Amino acid sequence: MRSKSDKKKSLVPRLRFPEFREAGAWEVKRLGELASRITGRVGSKKLIPISISSGVGFVSQAEKFGRDISGKQYEKYIALERGQFSYNVTTRP
């Protein structure tokens, strides 16, 4: 019988696309091994402030809140370029 630690080591979905059926188990990697943190700030650029909505995804603050709520914090917002992504980190007790 397999232990819980054995099950975690071999992550293989029950259903796979044909080209991945013989690919073996998924490798578990930390996000930092796959992506680089973006640190560029908006500064004085004139961009549309965007918020992340759990139900819809990325939406302009004007659409989500009825107005731009960024205020003085706007210049400290992270500036994303096409192809970059953002996510929220939540910690659970």
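In this text the structure is predicted, and so the values were computed from the model without any measurement.

**Considerations on the overall build of the chain**
Across its full length, the chain carries three helices and two strands. The N-to-C order of helical and strand elements in the chain reads α-α-β-β-α. Here the chain holds 93 residues, and 12% of them are scored as buried. Pairs at least 24 apart in sequence give 47% of the contacts found in the chain among residues at least 6 apart.

**What to know about the pairing of strand E2 (residues 57-60)**
Direction of pairing for strand E1 (residues 50-53) relative to E2: antiparallel, over a ladder of four bridges. Among the inter-strand pairings, Ile52 is bridged to a residue of E2, identified as Phe58. With antiparallel pairing between neighbouring strands as the criterion, E1 and E2 make up a hairpin whose turn holds three residues.

**Some words on the layout of surface pockets**
Taken as a whole, the largest pocket encloses approximately 890 Å³ of empty space. Considering the residues around the largest pocket, the lining is formed by 30 residues, among which Ile78, Ala79, Leu80, Phe85 and Ser86 are closest to the centre. When residues of the lining of the largest pocket are traced back to their parent elements, those giving at least two are helix H2 (31-34) and E1. Per element, the largest residue contribution to the lining of the largest pocket is three residues, and it comes from E1.

**Considering the side chain of Ser51**
Tracing the backbone shows Ser51 in strand E1. Ser51 gets classed as buried once you look at its relative accessible area, which sits at 13%. Beyond its immediate stretch of four places on either side in the chain, Ser51 contacts Gly57, Phe58, Val59, Gln61, Lys64 and Phe65.

**With respect to the confidence of the model for the chain**
Averaged over every residue, the pLDDT of the chain is 83; residues scoring 70 or more account for 86%. Of all helices and strands in the chain, the one with the weakest mean pLDDT is helix H1 (residues 4-9) (55), whereas helix H3 (residues 61-65) scores best (90).

What counts, and at which threshold
- Residues numbered from 1 in each chain as written.
- Predicted model: local features only at pLDDT ≥ 70, side-chain atom pairs only at ≥ 80, totals over all residues.
- Heavy atoms only, no water.
- Helix = DSSP H or I, 4+ residues; strand = E, 2+ residues; numbered from the N terminus.
- Buried < 20%, exposed > 50% of the residue type's maximum accessible area, 1.4 Å probe, protein only.
- Contact = heavy atoms within 4.5 Å.
- Pairing = 2+ DSSP bridges.
- 1 Å grid on protein atoms, 1.4 Å probe; cavity = no way out; pocket = protein on both sides within 12 Å on 5 of 7 lines; lining within 4 Å.
- Points joined across faces, edges and corners; volume = space filled by probe spheres on them.
- pLDDT = per-residue confidence, 0-100.

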